[in-house]
Amino acid sequence: MADNLPSEFDVIVIGTGLPESIIAAACSRSGQRVLHVDSRSYYGGNWASFSFSGILSWLKEYQENSDVVNESPAWQEQILENEEAIALSRKDKTIQHVEVFCYASQDLHEDVEEAGALQKNHASVISGSPTETAHSAYLPSEDESLCTGSCEMPTEQTPSSDLETALEINDVGVTGEKEKHYDDKTCVKSASEEETSENVPTAEDTALPPKKNRITYSQIIKEGRRFNIDLVSKLLYSRGLLIDLLIKSNVSRYAEFKNITRILAFREGRVEQVPCSRADVFNSKQLTMVEKRMLMKFLTFCMEYEKHPDEYKAYEEITFSEYLKTQKLTPNLRYFVLHSIAMTSETACNTIDGLKATKNFLRCLGRYGNTPFLFPLYGQGELPQCFCRMCAVFGGIYCLRHSVQCLVVDKESRKCKAIIDQFGQRIISKHFLVEDSYFSENTCSHVQYRQISRSVLITDRSVLKMDSDQQISILTVPGEEPGTFAVRVIELCPSTMTCMKGTYLVHLTCTSSKTAREDLEPVVQKLFTPYTETEIENEEVEKPRLLWALYFNMRDSSDVSRNSYNDLPSNVYVCSGPDCGLGNDNAVKQAETLFQLICPNEDFCPPPPNPEDIIIDGDSLQSEASEFSVLPEANSETPKESTSLGNPEEASQ
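Values in this document were obtained by computation on a predicted structure and should not be read as measured data. (Residues numbered from 1 in each chain as written. Predicted model: local features only at pLDDT ≥ 70, side-chain atom pairs only at ≥ 80, totals over all residues. Heavy atoms only, no water.)

## Let's talk about the sheet that holds strand β18 (residues 426-428)
The strands making up a sheet are joined through hydrogen bonds of the backbone, oriented either antiparallel or parallel. Ordered by their spatial adjacency, four strands build an open sheet running β4-β16-β17-β18, and the pairing between neighbours is antiparallel. In the strand order of this sheet, the two ends are held by β4 (83-87) and β18, each with one partner. In this sheet, neighbouring strand axes are inclined to one another by 30° on average, regardless of whether the strands run parallel or antiparallel. Bridge count between strand β16 (residues 404-410) and strand β17 (residues 416-421): five bridges; the pairing is antiparallel. Residue pairing in the sheet places C406 in a bridge with I420 of β17. (Pairing = 2+ DSSP bridges. Helix = DSSP H or I, 4+ residues; strand = E, 2+ residues; numbered from the N terminus. Axes fitted to C-alpha atoms, helices over the stretch in contact; angles between N-to-C directions.)

The following block contains the structure:
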């Protein structure tokens with residue numbers, strides 16, 4: 001494939017993270033010739049999602065130093081006298097301090113069938129250090145490889161008169177057959193396998209009738225395809241920039257979403273649900289009638305605080321936490337507003353930022369559900385793939401497992417003119433977008449990075465048990481000591497297609513002050529208890545049981561200035577990796593800013609053209625965009641229980 005690549009493009013994008021994928025889609029949509037390459041074997045970079053065996057393979061890739069650079073002088077010989085090269089790194093150093101722990105018991109009589117099995121003795125730790133884990137994990141063969149292709153998802157034909165309905169929200173579960181592509185191998189998931197009235201393993205599931213609720217490590221391995229584990233944990237604000245972009249570009253038809261059903265708070269050692277909508281406030285049993293009135297009055301003010309500057313101007317210099325004390329709110333209400341609605345901490349933001357965050361939260365309520373947030377089925381890793389698909393539809397060329405050796409710079413003009421790939425092919429382009437992790441230490445020697453602490457847990461039940469076990473929750477746990485950061489907890493149930501039945505997938509995220517385990521383990525210990533045989537016998541365990549845990553630190557390059565990089569040509573643009581924020585606005589803003597530099601007079605990701613308006617003239621397609629049109633998709637199926645939700649007010653207009 002590499003030998004047949006064209007020798008010239010308008011835009012070359014290196015890396016398939018969310019910002020790069022959005023830019024590639026936008027450039028391809030505007031008629032640019034786009035080459036999109038990634039040295040990894042999967043889409044998404046640090047935005048990717050993996051099956052359970054896939055995450056074990058990813059761990060092995062990072063933890064054994066097998067990515068040795070074979071310095072071949074071949075590409076260096078191609079550099080002419082009037083050129084110089086910017087060598088790119090062959091090793092990704094964005095992930096550090098990886099530690100894996102397994103608490104689920106291993107039944108020695110069960111045969112482990114899924115790739116990536118880690119054998120363990122009961123109650124022992126899989127790894128206390130990255131080195132130990134590297135020897136414990138097993139890298140799947142090519143036939144058992146990671147998820148690298150886009151996922152074919154059933155789409156719903158929506159009325160062209162209402163773009164709002166283009167977002168498909170799955171409220172109950174997905175029906176029909178779903179195909180997920182894992183490299184060259186396709187795994188088909190049927191609804192009958194997904195749906196169950198009780199999401200707790202039965203005796204039939206575990207083949208161990210005497211032991212109720214017993215989930216073994218072998219069972220997790222066997223059901224590994226049902227897991228979709230995100231490297232980065234984020235949600236979509238229902239009125240955020242990414243939702244607006246998905247609707248505008250009609251990329252939303254490539255994915256499906258579920259509402260986050262609960263906003264939780266951790267207070268005085270207990271997890272409780274936070275009332276955020278008007279109905280929740282007045283139905284809440286946690287608040288007195290006086291508190292309900294106080295809360296509604298304050299939230300009403302926050303929705304239009306700009307119209308009443310006298311109410312907050314005098315408090316602009318103090319923290320939002322101090323400002324709340326001036327509003328005669330009870331400690332109970334101050335805690336809810338600060339940590340679960342504004343989602344900040346005691347010292348993290350000032351009054352204006354706190355009011356903005358509260359207004360944004362309230363503004364997003366009710367558009368698609370009772371909370372402001374949506375989550376993509378099959379995980380956050382679906383989103384980069386959706387935009388990659390849009391790019392490919394408009395002619396973009398994709399190459400995974402395709403590394404770039406260097407950027408070729410013209411000495412006289414100081415512009416980048418080409419890349420040289422792993423096969424020694426020189427490919428010319430006008431613009432180059434490079435994900436930060438691809439730059440070498442020489443280029444990044446003056447860059448100061450922040451770090452994100454991440455943890456992924458598999459548990460046996462929810463942190464707050466309710467009548468329905470299909471709850472998707474977000475919880476903020478404040479930092480206990482000065483200088484420590486609040487920890488964001490997102491708990492996903494099996495109906496999100498991210499974990500097997502009878503389990504929950506829990507993501508913890510915070511800004512790093514130490515290693516990920518040191519930052520997050522105290523919160524894990526507050527919310528969960530290790531899964532041991534003695535605990536299994538006692539059915540009245542207060543906390544959910546922890547089956548498996550992963551900790552790692554991820555580089556945050558979102559606030560790095562372009563000037564921090566050494567000697568970058570003006571036509572080489574840098575895309576950052578994921579930031580620590582809850583939403584995706586930073587990625588969308590970055591993509592739009594860079595797109596405007598490349599195509600200053602073009603619309604950013606306009607709606608696709610109406611097929612009837614496409615004029616075929618030779619080999620080119622000239623189209624006139626129709627604002628409310630969609631591209632037809634072959635064999636599209638509409639899930640029976642999937643609904644298209646729009647804002648009723650907007651729809652009526």
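Moving on from the coordinates now.
## Some points on the state of the cysteines
Inspection of every chain in the model, using the stated rule, returns zero disulfides. Here C510 stays unpaired: no disulfide links it, and the sulfur of C580, its closest cysteine neighbor, is 6.6 Å away. (Disulfide = S-S within 2.5 Å.)

## A look at the layout of surface pockets
The probe, sized like a water molecule, is rolled over the atoms to show the empty space still left. In this structure, the largest pocket occupies an estimated 1500 Å³ of space. Along the walls of the largest pocket sit 47 residues, with A342, M343, T344, G581 and L582 positioned nearest its centre. Elements with a contribution of two residues or more to the lining of the largest pocket: α12 (331-341), α13 (351-364), β20 (450-459), β23 (504-511) and α17 (585-598). Here the element with the most residues in the lining of the largest pocket is α13; it accounts for six residues. In terms of residue class, the lining of the largest pocket is made up of 17 nonpolar, 18 polar and twelve charged. (1 Å grid on protein atoms, 1.4 Å probe; cavity = no way out; pocket = protein on both sides within 12 Å on 5 of 7 lines; lining within 4 Å. Points joined across faces, edges and corners; volume = space filled by probe spheres on them. Nonpolar A, V, L, I, M, F, W, Y, C, P; charged D, E, K, R; others polar.)

## A word on α17
Over its 14 residues, α17 runs 20 Å from end to end, which matches the ideal 20 Å to within 8%, given 1.5 Å per residue. The complete set of buried residues in α17 reads A587, V588, Q590, A591, L594, F595 and I598. Along α17, the residues classed as buried sweep out an arc of 165° about the axis, all on the same side. The outward face of α17, more than 90 degrees from its buried face, is lined by the exposed residues K589 and L597. On the buried face of α17, the contacting elements are β1 (11-14), α1 (18-29), α8 (241-249), β19 (431-435) and β26 (572-575). (Expected span 1.5 Å × (residues − 1). Buried < 20%, exposed > 50% of the residue type's maximum accessible area, 1.4 Å probe, protein only. Arc of directions from axis to C-beta. Contact = heavy atoms within 4.5 Å.)

## A short note on the pattern of salt bridges
A full pass over the atoms with the stated rule returns 24 salt bridges. Across the salt bridge formed by E306 and K359, the nearest N and O atoms sit 3.0 Å from each other. Taken together, the residues span a long stretch of sequence, with E306 in the loop between α10 (289-303) and α11 (320-325) and K359 in helix α13 at a distance of 53 residues. Where salt bridges share partners, they join D38, R40, D92 and E435 into one cluster. (Salt bridge = Lys/Arg side-chain N within 4 Å of Asp/Glu carboxyl O.)

## Let's talk about the confidence of the model for the protein chain
On average, residues of the protein chain score 77 in pLDDT, and 73% of them are at 70 or above. Taken as a whole, residues 619-653 scores under 50 in pLDDT and shows 97 contacts with residues more than four places along the chain or in a different chain. (pLDDT = per-residue confidence, 0-100.)

## Some thoughts on the environment of L5
By the secondary structure assignment, L5 is in the segment before β1. For L5, the residues in contact, after removing those within four places along its chain, are L35, I397, C399, H402, D421, Q425 and I427.

## A few points about the side chain of S30
Tracing the backbone through its elements, the reader meets S30 in the loop between α1 and β2 (34-37). For S30, the contacting residues outside a window of four places in its chain are F595, C599 and E602.

## A look at the pairing of β20
Here β20 lies mainly inside the structure; eight of its ten residues are buried. By the bridge criterion, ten bridges tie β20 to strand β25 (residues 545-556) in an arrangement that is antiparallel. By the bridge assignment, R454 is partnered in β25 with F552. Where β20 meets β23, eight bridges bridge the pair, whose relative direction is antiparallel. When the sheet's bridge partners are listed, R454 is paired in β23 with T509.

## A few points about α10
The end-to-end C-alpha distance of α10 is 21 Å, a good match for the 21 Å that 15 residues give at a rise of 1.5 Å each. Contacts from the buried residues of α10 go to α9 (278-283), α11, α12 and α13.

## Section: the sheet that holds β19
Read from one edge to the other, the open sheet built from five strands follows the order β15-β2-β1-β19-β26, with strand pairing classed as parallel. The open sheet has two free edges, formed respectively by β15 (397-399) and β26, since each of these has just one partner strand. This sheet shows a mean twist of 15° between the axes of neighbouring strands, independent of strand direction. Pairing geometry for β2 and β15, over three bridges, is parallel. Residue pairing in the sheet places V37 in a bridge with C399 of β15. Sheet strands touched by α1: β1, β2, β15, β19 and β26. Its angle to β2, the strand with the most contacts, is close to 160°. Across the sheet, helix α14 (residues 382-393) is in contact with β2 and β15; its angle to β15 comes to roughly 130°.

## Concerning empty space enclosed by the protein
In total, this model carries seven cavities of 30 Å³ or more according to the counting rule given. Here the second largest cavity is characterised by a volume of approximately 70 Å³. S249, R253, Y254, M390 and F394 are the residues nearest the centre of the second largest cavity, which is lined by ten residues in total.

## So, the packing of aromatic side chains
Tallied over the full model, the rule gives 16 aromatic pairs. Between the aromatic rings of W58 and F552, the centroid separation amounts to 5.5 Å while the plane-to-plane angle is 65°, which identifies the pairing as edge-to-face. One end of the pair, W58, is in helix α2 (residues 52-63); the other, F552, is in strand β25, and 494 residues separate them in sequence. In terms of burial, W58 and F552 fall into one category: buried. Members of the aromatic cluster, each reached through a chain of ring pairs, are Y42, F50, W58 and F552. The ring of Y449 has R555 sitting right over it, with the charged end atom 4.1 Å from the ring centre. (Phe/Tyr/Trp six-rings, centres within 6.5 Å; stacked < 30°, edge-to-face > 60°. Lys NZ or Arg CZ within 6 Å of the ring centre and 35° of its normal.)

## Regarding the packing of α8 against α17
Direction vectors running N to C along α8 and α17 enclose 55°, while the axes themselves pass 8 Å from each other. By the angle between their axes, α8 is oblique relative to α17. Seen from α8, the contacting residues are L241, L242 and L245; seen from α17, they are D585, V588 and K589. Across the contact of α8 with α17, the residue classes break down as four nonpolar, no polar and two charged. (Parallel < 35°, antiparallel > 145°, perpendicular 65-115°, else oblique.)

## Focus on the packing of α8 against α14
For the pair α8 and α14, interaxial distance at closest approach is 12 Å and the crossing angle is 30°. The pairing of α8 with α14 is recorded here as roughly parallel in orientation. Between α8 and α14 lies a crossing of left-handed hand. Between α8 and α14, the contacting residues are L242, L245, L246 and S249 on the first element and L383, F387 and M390 on the second. Of the residues that constitute the contact of α8 with α14, the class distribution is six nonpolar, one polar and no charged. (Left-handed = near helix turned anticlockwise from the far one by under 90°.)

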